[in-house]
Amino acid sequence: MWLFIVFYILGLHTSQATGQDNSTQMYYAKLTIDESAIENITALLKPFMKDSDVYVDDLSKTTICQSNLTNRICECEPGFIWTNKICEPLKCCNNISCTFSKDTDMCVSNKSVTIRGILTLQGDEYFPCLDTGDKRYQNCTTILFTEMKKVYSTLSGFNILKILSYRLGSVIVDFEMAFAQNINIAYLQSLTVNLGKSLLGKLKMETAGVVTLQMPNKPVCQDKQHSITCTVKEPLVTQEPPKWELEREGQKFEITNGTESEVTIEPLETKIKLNNISELWEGEYTCLYIQTSEYYTITHKAKSVLDAKIKAKIDITVAPSFPYCTEGIDSLIVQITCQTQNKNESLIVTWKSPDIKIVQKTYTTPGTYTASVVVDCKSVPSYPNITCSFNDTCNQVSTATTDINIIRVNDTFCKDDGDWKNTKAGFTARLQCKDSTGQRQRYCDSSGKWEAEVSGCVNNEVTNVLQKATIVDIGLGIANDNVAQVFSLLGKVTNDSKSINTFANMNATIAILDTLSKKNAVKPNSTATNDFLESSSNLLDRSLKASWETKPKGDEKPLADVYLSSVEKLIKVADITNAPKKKNIEVAERSCTQLSNCTNKVFNVTVKLESSVAVKVKTAGFLELDKYLPNNNTEFSPNSIVVSTTTDNKQKSPVSVRITFELLKQRPRNVDIQCVYWDGNRTGWSREGCTWQGPSSETECVCEHLSSFAILMSKYPLNITGLTEITYAGLSVSVISLVINLLIELTIWNAVVKTNTLYLRHTAHVNISLCLLIADCCFLASSEPKNISEIMCGAFVVLKHFCYLSMFFWMLCLSSTLLHQAIFLFHNVSKKTYLRFSIVLGYVCPLLIVAVSLLVYMAGGKNKYYSYDTCWLVYDGFMKGSIYTFVIPVGIIVFINVFSMVVVIMKLLDHPKNVDKSHDKEKKAAITVVRSVVLLTPVFGLTWIFGFAVMLIDLTSGNIAYVVNYTFTLLNAFQGLFILLTTCLGDKLTREALLNRLTSKTNTHASTNDSTTKLESTMNK
């Protein structure tokens, strides 16, 4: 049998480097000889060795080739391998044989070393080498070649040196060397330093053969541990540890310690242990030892390819999805398709079904397998199933099973609707998303009606980022560099809010943050942090509101909860020093010493932390997030942004956090506030450990733990138990009392009004009673604002405003008249003059005040002049609101009334003894009026002091507020009754006049009866 044999001869050549270390030179030959002549080949070659300086040191057979009609199949002998340059184009690396169509290449010793390098020369001495047309080119090349060969040929096993090309950049020389056996690396370094010094240049070299790779045995199966070992013959001194790289699909990754890989380094080897082989670990592995100095960079490299057998993932579909058996059809042919991404794998596919007959099995496209089955429309079971199984060369079996949901005659189903085909009732139709990842789903309810489509389509860009986020720490690349890349991509994706404005995209985007927050190795640097904050802020944009508000199905956590938890964890480990403020997120950091206060400020919210130990405090403010976090409290709603505070304290020492919020909406009076934190375990707001500082510091909260905080404000004002009932009862009694009071005044008017003072008093009482009666009736009519129109509510407010003011101004008339009488004892005021004065003061002044108020407050506008919720004047805070057009006049009148009462009492107690007796009646009348004034304290408005207190003291202040409100309500609700008691039953003149009036009517009736009796008696006589 004739064989094609390639062999090499190692010779010692002494004349090349006279005076230096001996040089070596390799000779190669190709022989086609009979296999039986191999043993005699050395003797056959001796006649050809005529150079006395050369002798045969070793002769080895490297390659055996066998030819056929079209090509040559060659195998390496033991101890020899294919070079990467040969095997990579032919894809036969790590294989025993390679197939050649033309000239045959030879195997090289597995101890052989090749070096490819670049020599960068300074100065202009070698510029002629750049121009092949220059006469000095050949001389320049020869000098340079000789210098390099003289140095490197002294290495044992030197084979060849080639200068490949010259390039600009000073003068850059590309060269290649080959050695037939292992070389001494320390000697190579020494020679390279000498060459660099002599040529005034720097060398960059890459070796192959110095380090070797040991790959896992084939086949490399999934879900098993495999190791790749890189070995060296001697310890290599490097400035950095050896590196591993993986090149896959044009991408290059540095292999590091991660969740799926473990890199170990020993003096003569470095090893990768792969804990879980997947498609991510397929590709070309490179082991690198890098040695550097002033004169050189030498990279020792070894490469090999790992081709893993990945367990197939099967996607099984039925066409049509719901076979429809119409009337008169006994059977249908249904197509089942099983698809896998492992398109290049050799798979054994089996189909099995216990219920139906498989009539045809086909292999359509790579990775796609189809079976046709016959479905009996009248048979049972109703839901036959079929299973496909894939078995690969690793004996890894994957299975997928699907039911065939048949729509039989009389079954309820949803009819075709656009893309959606017939679907059986109670089932969900699914369609693959176009140009995106995921599925569209639509449920057919039990009555055969389509529900709304639910889209699970996720943009490919978002899916790509999510996939990268999932593998940042598995060991492919440096974890923090991977994180920075993910956040950079995420920032670009979220900048276009329209592209992610669906629940599915928002869910996937937040899943990226959630995935990264759970990676222990993730610690974003300042650049990554900026991208992270930018993307997190973009997600809170108002244009994405609809995506946030879609409720997840099942037990999935709300998006906002996952978002807050993820961002909070990432901020805790991120470098936020000097992090810029974003549109919807602002962060701040402060280092605190022991027993000191730390203050951070974000979005005008101040956070002050008191800690017993030294800590670093990080605070983040989130705009819009308060709208998206679920709130199970139906009576309270968020009224501040969400503020998160974390520390690096791992000892969990006690802390006190004082937060001063900025309210989103002004807190109305008597509206309660709760300081809360987000409880992720309960997925809701909790008050535990947080205290509101009361109405005097309504924006301030104090919490005894760290978390994410906010303020909740009640949707309704606080209600005082029984206050409404007391008001209704009191006003009803007051209305009746006032009516009785007016009737009594009309009945006894002529009997009691005998002096000017009494005339003044009773005139004022009548008008006070009348105004209070009208005001109370309006109050009762508008007690339920929701039951009346806004116009009626406004009209009642105007009437109440006017009548209550008139009541107080008539009180002022009474008190000012008494004051005049007390001071000017001998000055009488005519009834006519008093009446004019009283009408102007009692009605015109209130009318002017109400008219001006209407003009000032937008013509009596809603929520400006009056509140539709209360049908009363508006209070907007201290000295704000239309309520002060009532409060200020009343306050002034109350003050004057009290002052008048004190002066009158003092004057009456200290009156002159020699006063003319003609004024005696006036004096007695004045004393009566004063006595009435003392009894009529509520009428003069002293009880309205409690009203001012009600306005000033918020119901959230505690028990004092309840005491003041009950007191004011009791005194003022029964004001009509108090007037009746003080002006009628409490006044002696009024009582006597009323009794006389009643007695005179009785006597008149009795006298009439007696006369009639006498007349009848006379007539009888």
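Numbering of residues starts from 1 in every chain and runs along the sequence as written. Only residues with pLDDT of at least 70 are given local features in this predicted model, and only at 80 or more are side-chain atom pairs given and counted; all residues enter the totals for whole chains, interfaces and linings. Each side-chain value is worked out from all heavy atoms of the structure, with water and hydrogens disregarded.

## A closer look at the pairing of strand 18 (residues 269–274)
- The rule is simple: take the accessible area with a 1.4 Å probe, protein chains only, and divide by the maximum for that residue type; under 20% is buried, over 50% is exposed, in between is partly exposed. Runs of H or I in DSSP of at least four residues are treated as helices and runs of E of at least two as strands, each being numbered from the N terminus. Going residue by residue along strand 18, you find Thr270, Ile272 and Leu274 tucked away on one face and Glu269, Lys271 and Lys273 left uncovered on the opposite face.
- When DSSP finds two or more bridges between a pair of strands, those strands are recorded as paired. In the sheet, strand 17 (residues 261–266) pairs with strand 18 via six bridges, with the strands oriented antiparallel. Within strand 18, the position partnered with threonine 264 by the bridge is lysine 271.
- Connecting strand 17 to the next strand, strand 18, in antiparallel fashion are two residues.

## A look at unusual backbone geometry
- For the bond from alanine 319 to proline 320, the omega torsion is -5 degrees, close enough to zero to count as cis.
- Assignment of secondary structure puts proline 320 in the loop between strand 22 (315–319) and strand 23 (331–339).
- For leucine 200, which is not glycine, the phi dihedral falls at a positive 55 degrees.
- Of note, leucine 200 is situated in the loop between helix 4 (185–199) and strand 11 (201–208).

## Concerning the nonpolar core
- Residues Leu119, Leu144, Tyr152, Met205, Trp244, Trp281 and Tyr285 are the most contacted members of the largest nonpolar core, which totals 60 residues.
- Should any heavy atoms of two residues lie within 4.5 Å, those residues are counted as being in contact. Not counting residues up to four positions away in its chain, the partners in contact with tryptophan 281 are Leu246, Ile255, Glu260, Ser261, Leu274, Asn276, Leu306, Ile474, Gly475 and Leu476.
- Grouping buried Ala, Val, Leu, Ile, Met, Phe, Trp, Tyr and Cys residues that are joined through side-chain atoms within 4.5 Å yields what is termed a nonpolar core. By size, the runner-up hydrophobic cluster in this structure holds 58 residues, among which are Val797, Phe802, Tyr868 and Cys871.

## Brief notes about the pattern of salt bridges
- For salt bridges, the criterion is a side-chain nitrogen of Lys or Arg within 4 Å of an Asp or Glu carboxyl oxygen. In this structure the tally under the stated criterion is 23 salt bridges.
- A salt bridge links aspartate 419 to arginine 440; the shortest N-O distance between them is 3.4 Å. One end of the pair, aspartate 419, is in the loop between strand 29 (413–414) and strand 30 (423–424); the other, arginine 440, is in strand 32 (residues 439–443), with 21 residues separating them in the sequence.
- Classification of aspartate 419 as partly exposed rests on a relative accessible area of 44%.
- Assessed through its relative accessible area of 17%, arginine 440 is described here as buried.
- As a salt-bridge pair, aspartate 541 and lysine 583 come within 3.0 Å of each other at their nearest N and O atoms. Of the two residues, aspartate 541 is situated in the loop between helix 8 (526–539) and helix 9 (545–549) and lysine 583 in the loop between helix 10 (559–573) and strand 34 (585–592); the sequence distance between them amounts to 42 residues.
- Judged by relative accessible area, which is 19%, aspartate 541 ranks as buried.
- We classify lysine 583 as exposed; its relative accessible area is 63%.

## Some points on the packing of aromatic side chains
- Between 30 and 60 degrees the pair is tilted, below 30 it is stacked and above 60 it is edge-to-face, where a pair is any two Phe, Tyr or Trp rings, Trp via its six-membered ring, whose centres lie within 6.5 Å. One pass over the full model with this rule turns up 18 aromatic pairs.
- For the ring pair tyrosine 563 and phenylalanine 622, a centre distance of 6.3 Å and an interplane angle of 75 degrees mean the geometry is edge-to-face. Of this pair, tyrosine 563 sits in helix 10 while phenylalanine 622 sits in strand 37 (residues 615–622), and the two are 59 residues apart along the sequence. There is no split in this pair, since tyrosine 563 and phenylalanine 622 are both buried.
- Members of the aromatic cluster, connected to one another through ring pairs, are Trp548, Tyr563, Phe622 and Tyr628.

## Focus on the confidence of the model for the protein
- When pLDDT is averaged along the protein, the result is 83, and 87% of the positions lie at 70 or above.
- pLDDT under 50 marks residues 1–20. Its contacts with residues more than four places away, or in other chains, come to 88 contacts.
- What pLDDT conveys is the predictor's confidence in a given residue, as a value from 0 to 100. Within the model, pLDDT remains below 50 along residues 1006–1021, and this stretch shows zero contacts once partners closer than five positions in the same chain are excluded.

## Concerning the pairing of strand 10 (residues 171–179)
- Buried residues dominate strand 10, accounting for nine of its nine residues.
- Alignment of strand 8 (residues 113–121) against strand 10, held across nine bridges, turns out to be antiparallel. Bridge pairing in strand 10 places valine 113 opposite phenylalanine 179.
- Two strands pair when backbone bridges link them, and strand 9 (residues 158–168) and strand 10 are joined in this way by nine bridges, in the antiparallel orientation.

## A closer look at the state of the cysteines
- In plain terms, two cysteine sulfur atoms within 2.5 Å form what is called a disulfide here. This structure, assessed with the given rule, holds 13 disulfides.
- The partner cysteine of cysteine 221 in its disulfide is cysteine 394, sulfur to sulfur 1.9 Å. Between cysteine 221 and cysteine 394 the sulfur-sulfur dihedral comes to about -90 degrees; the bridge is accordingly left-handed. Within this pair, whereas cysteine 221 is found in strand 13 (residues 220–221), its partner cysteine 394 is found in the loop between strand 27 (385–391) and strand 28 (397–403), the two being separated by 173 residues in sequence.
- On the basis of relative accessibility, which here comes to 7%, the residue cysteine 221 falls in the buried class.
- Two residues share a disulfide in this structure: cysteine 433 and cysteine 457, whose sulfurs sit 2.0 Å from each other. Measuring the twist about the S-S bond at about -90 degrees, one finds the cysteine 433-cysteine 457 disulfide to be left-handed.

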